[in-house]
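Overview (structure and organization)
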Protein chains: 2
Amino acid sequence: MDFNKMLDEYKKILKIPSISAKATGINETASYLNSLLKNMGIKGEIMHTSGNPVVYGEYFIDAPRTLLVYNHYDVQPIDPENKWTHAPFGATEENGRIYARGAADNKGTLMARIFGVMEAIKDNELHVNLKFLYEGEEEIGSPHLKDFIIKNKNRFAADDVIMEGSQIGEENRPVIALGVKGLLYIELKSRTGTTDLHSSLAAIAPSPAWNLINALKSIQDCEKVQIPGFYDNITPLCNKDMNILKDYPFNIEKMRDSYGLKNFKFNEKDNLIRELFTSPTCNIAGIISGYIEEGTKTVLPAEAMAKIDFRLVPDQDPETIFKSMKGYLHNLGFDLEINALGMENPVRTAPDTELAQKMISSAIQTYGSKPIIMLNSPGTQPMALFTRELGIKNAISAIGVGDNLSKAHAPNESISIENFKLAVEHTKNFLSKFQ
Amino acid sequence: MDFNKMLDEYKKILKIPSISAKATGINETASYLNSLLKNMGIKGEIMHTSGNPVVYGEYFIDAPRTLLVYNHYDVQPIDPENKWTHAPFGATEENGRIYARGAADNKGTLMARIFGVMEAIKDNELHVNLKFLYEGEEEIGSPHLKDFIIKNKNRFAADDVIMEGSQIGEENRPVIALGVKGLLYIELKSRTGTTDLHSSLAAIAPSPAWNLINALKSIQDCEKVQIPGFYDNITPLCNKDMNILKDYPFNIEKMRDSYGLKNFKFNEKDNLIRELFTSPTCNIAGIISGYIEEGTKTVLPAEAMAKIDFRLVPDQDPETIFKSMKGYLHNLGFDLEINALGMENPVRTAPDTELAQKMISSAIQTYGSKPIIMLNSPGTQPMALFTRELGIKNAISAIGVGDNLSKAHAPNESISIENFKLAVEHTKNFLSKFQ
């Protein structure tokens, strides 16, 4: 297919405002994708879920292995709209870049991969069965994906999966994440009465804020999580893992400044990299109690609330940790409401698996430089849905079109056309390795 | 003076909406009071401050002692206005009560005391020189009172002072507070960067929320304040103090329910009373960081803030404690912005001082029952301004007209006319003891 035709199709889907949070353009985008797959000879289907439809495609060639490709066709809202210098759904081309909401996240990656598949078919270089799963609710937290996947377990069965969520990193090197950290998101609420009191009563009335703070310090103290068993199931790092960490490019000053930080927690680059990829975290995402405006109010609040997100590393299990935490706080005598608002398991695919090796070698072939390899992303994606619910053995995040100028989720999202082209090529080269 | 005339005058001042927060009716009320003093033969004067005027009066009889009477003529705002069933400035009489904003706090007390003075003069029972200080900014935190008092130090010099802030308590017994707890109100701010970050960076970026929580736990742990020297200057209780505590009426179930609490911190009545009046507190009045709405957001906040109010007991000094806390947190290595938003010293007048004894015996004479005596109020008033800045030796809070139905600061504030009458009488009886 002529590259300009690929760009034309890409621009077409960019022009449809498929904002899941606003319920706009969803069915139109699903229909567009379904037709696109059909036009390219891929068996496509719009599958209904309890929420937005999934577009599902299959291309079977009786190969010994099957690869599942996950992307999403919904996009973030465009606000603040007045900060856009290019129309959010105009797909404007300028100085080698294309501007639109979803250009990088995730329509660019989705489309580049389809065209890569087409190129591989055309050149007889496709040697793996393919399944495509395009979700329409990723940007609102994939509320129906788990149930949908479990319900269609056999349909989506595969040997490997490639997820979205990769990009072009430092020195124009593609990023390959061999997994993800898991997540346990909890909310703690302490309530001691029905109404805020005059703070002179603090001498005799219990304080929900202190109760909560004492609980938080029981959960983490001296920079270590104190929940029994928290660290028990962490997979030790092997030499290959250590080598991947050692190779990770990390410019301390540049990163520190780009994050607007005064300091990192550690001074040594090796420490920073090891912690970023292999340490679980216990982050206070939010805390609130009492009077938070300017000036003074002498009040003893009636309630206090905190949200904690734990990032987990293989093979910590959020469910097990949550249960342990509840028992632990209960045994310490804390009177708290404890709710889990999110759980995702960590995933790490070994760097010497076939899937990882094919992805790495095709990246070198395509980009002419070594990819940036992450043992796992420091963030979380629902990768474990595929590995745990579908039993897919290997999962990685790779082949993305965004770069450090892409501004995913922000105004003036864009990608470089060159990166789009390279992602098409990378897909094709990757698929050709399956023979 | 005929009691109905007293009520008429009282209603007049109630009808002037002297809301300091809204800057309404202030000058009109000051003028009214100035005229009232003059009409009663008291040398009155409107004194300018950097804020609302003070109305000052003097009645000198060449007595050996001088008593300063402090009240305030400003009132709280009336919102929520739609909750008032009587006009907020109507001074409506109904079922033996008078309804108006300021009826109890503090115009009722102010007026009853004036009339008590008049009665004492009329019956030749006044045996003490009097100074009257009526403030117009109490309800907005007395921002100019300290400077004003220091500037007019000689003018306001006295042997004793009676403050506002008393009321009629359980079993219709008048409350006499022999002092107040002090206050140290601080704000702690932790800032680690310029912008909130994705929480996956919690592995390497410092957390202002944890920093703050660690600081809070360094300030108080195991229910004890850990600031060096915090407890050093606490005056030990003597037997007389213990007897006053023992006599304090405290119905655990009734209080607990009235505060809407599940439980108090202690089960024993004696403990509750001792803590309420004689223990310093370290209360978290407010804390905020990060995401506090419904649901989840995986964010590492850039800043966190907490407000703490310490209630102090004699002779803890807020300034000394604040300095010690700053040094202590600094030595522990905390990177925090620490500001003091309020400081007031505690005051306790010994129960066997002449002032206390006169107040107690006149209360028994007037009410026919033993007054409820507090070693000091569990709350704070700027009493130490008078004792420390003016060097007045004895200060107490007594002779108030509000009762447990009065709803000071809330809609439908009211007092019982009978309590107004008794406060007039109590003032007169109290003054008669100075011979």
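This one's a predicted model, so the numbers in the text were calculated from it and none came from an experiment.

This next bit is on the overall build of chain A. A count of helices and strands for chain A gives 12 helices and 21 strands. Expressed along its principal axes, the backbone C-alpha trace of chain A runs to roughly 80 × 50 × 45 Å. Counting all 435 residues of chain A, 61% fall into the buried class. Pairs at least 24 residues apart make up 80% of the contacts formed inside chain A by residues separated by at least 6 positions. Here chain A displays about 17400 Å² of accessible surface, and carbon together with sulfur accounts for 46% of that area. Charged side chains of chain A number 47 positive and 55 negative; the gap between the two group centres comes to 2 Å.

Residue and element names in this part refer to chain B. For the pair helix H5 (residues 208-219) and helix H9 (residues 318-331), interaxial distance at closest approach is 11 Å and the crossing angle is 125 degrees. Taken as axis vectors, H5 and H9 run oblique relative to one another. The interaxial crossing formed by H5 with H9 has right-handed handedness. For the pair H5 and H9, contact is made by Ala215, Ser218 and Ile219 and by Met325, Tyr328 and Leu329, respectively. Looking at side-chain class alone, the contact of H5 with H9 contains five nonpolar, one polar and no charged residues.

A word on the domain arrangement of chain A. Residue and element names in this part refer to chain A. When cut into domains, chain A gives domain 1 (3-181 + 346-432) and domain 2 (182-234 + 280-341). Taken over C-alpha atoms, the centre of domain 1 sits 37 Å from the centre of domain 2. On the domain 2 side, the residues contacting the 10 residues of domain 1 number nine residues. Between arginine 388 and aspartate 317 there is a salt bridge; the shortest N-O distance is 3.8 Å. When its residues are assigned to classes, the side of domain 1 that touches domain 2 shows four nonpolar, three polar and three charged.

In this section: the interface of chain A and chain B. Each partner contributes residues to the interface: chain A has 66 residues there, and chain B has 66 residues. With both sides pooled, the region where chain A packs onto chain B buries about 5400 Å², and carbon together with sulfur makes up 63% of that total. Among the salt bridges present, the one from A:Asp335 reaches B:Lys262, with a minimum N-O distance of 3.1 Å. Counting across the interface, chain A meets chain B through 32 residue pairs in polar contact (both at pLDDT 80 or more).

A few words now on the packing of aromatic side chains. Residues and elements named next belong to chain A. Evaluated as defined, the whole model comprises 26 aromatic pairs over all chains. Consider the rings of phenylalanine 132 and tyrosine 134, whose centres lie 6.1 Å apart with planes at 45 degrees: the pair is tilted. Owing to a relative accessible area of 1%, phenylalanine 132 belongs among the buried residues under this scheme. Ring pairs connect the aromatic residues Phe3, Tyr10, Phe115 and Phe420, which therefore count as one cluster. Over the ring of phenylalanine 434 we find lysine 358, and its NZ or CZ is 4.9 Å from the ring centre.

Attention shifts here to the nonpolar core. A:Leu33, A:Met111, A:Leu130, A:Phe250 and A:Phe420 are the most contacted members of the largest nonpolar core, which totals 83 residues. The dominant element in this core, judged by the number of residues it contributes, is helix H3 (residues 107-122) of chain A, at eight residues. With near-sequence residues (within four places) excluded, A:Leu33 lies in contact with A:Ile13, A:Val55, A:Tyr73, A:Leu110, A:Met111, A:Ile114 and A:Tyr134. One finds A:Leu300, B:Leu7, B:Ile42 and B:Phe264 within the second-largest nonpolar core, a separate group that totals 82 residues.

Let us look at the pattern of salt bridges. A pair can form between side chains of opposite charge whenever their charged atoms are brought close. Residue and element names in this part refer to chain A. According to the stated counting rule, one finds 52 salt bridges over all chains in the structure shown. Residue aspartate 123 is joined to lysine 428 by a salt bridge in which the shortest nitrogen-to-oxygen separation is 2.7 Å. One end of the pair, aspartate 123, is in the loop between H3 and strand S6 (129-135); the other, lysine 428, is in helix H12 (residues 417-432), with 305 residues separating them in the sequence. For aspartate 123, a relative accessible area of 32% translates into the label partly exposed. The network of salt bridges with shared partners includes Glu187, Lys189 and Lys307.

Residue and element names in this part refer to chain A. Pairing is antiparallel in the open sheet, where three strands are placed in the order S4-S5-S21. Edge positions in the sheet fall to strand S4 (92-94) and strand S21 (414-416), since each of these pairs with one other strand and no more. Direction aside, neighbouring strands of the sheet carry axes that sit 25 degrees apart on average. Pairing analysis gives three bridges linking strand S5 (residues 97-99) to S21, with the strands arranged antiparallel. By the bridge assignment, isoleucine 98 is partnered in S21 with isoleucine 415. Seen against the sheet, H12 touches S4, S5 and S21 and runs at an angle of roughly 70 degrees to S21.

Between the two copies of this chain, the relationship is a rotation about some axis together with a displacement along it. Once chain A is rotated about the relating axis by 180 degrees and shifted along it by 0.0 Å, it coincides with chain B to within an RMSD of 0.0 Å. As the rotation angle and translation indicate, the two copies are arranged about a two-fold axis. In terms of C-alpha distance to the rotation axis, chain A has A:Ile288 as its closest residue, with the C-alpha 2.3 Å off the axis. A symmetric contact is evident, with 100% of the interface residues of chain A recurring at the interface of chain B.

The rules we used
Residues numbered from 1 in each chain as written. Chains lettered and ligands numbered in written order. Predicted model: local features only at pLDDT ≥ 70, side-chain atom pairs only at ≥ 80, totals over all residues. Heavy atoms only, no water. Helix = DSSP H or I, 4+ residues; strand = E, 2+ residues; numbered from the N terminus. Buried < 20%, exposed > 50% of the residue type's maximum accessible area, 1.4 Å probe, protein only. Contact = heavy atoms within 4.5 Å. Areas by Shrake-Rupley, 256 points an atom, 1.4 Å probe, with all protein chains shown as cover. Lys, Arg positive; Asp, Glu negative; His and termini not counted. Charge placed at Lys NZ, Arg CZ, Asp CG, Glu CD. Axes fitted to C-alpha atoms, helices over the stretch in contact; angles between N-to-C directions. Parallel < 35°, antiparallel > 145°, perpendicular 65-115°, else oblique. Left-handed = near helix turned anticlockwise from the far one by under 90°. Nonpolar A, V, L, I, M, F, W, Y, C, P; charged D, E, K, R; others polar. Domains from an automatic or database assignment. Salt bridge = Lys/Arg side-chain N within 4 Å of Asp/Glu carboxyl O. Buried area = accessible area lost by both parts, 1.4 Å probe. Polar contact = N/O pair within 3.5 Å; in protein donor to acceptor, adjacent residues only side chain to side chain. Phe/Tyr/Trp six-rings, centres within 6.5 Å; stacked < 30°, edge-to-face > 60°. Lys NZ or Arg CZ within 6 Å of the ring centre and 35° of its normal. Core = buried A, V, L, I, M, F, W, Y, C linked by side-chain atoms within 4.5 Å. Pairing = 2+ DSSP bridges. Least-squares fit on C-alpha atoms with pLDDT ≥ 70 in both.

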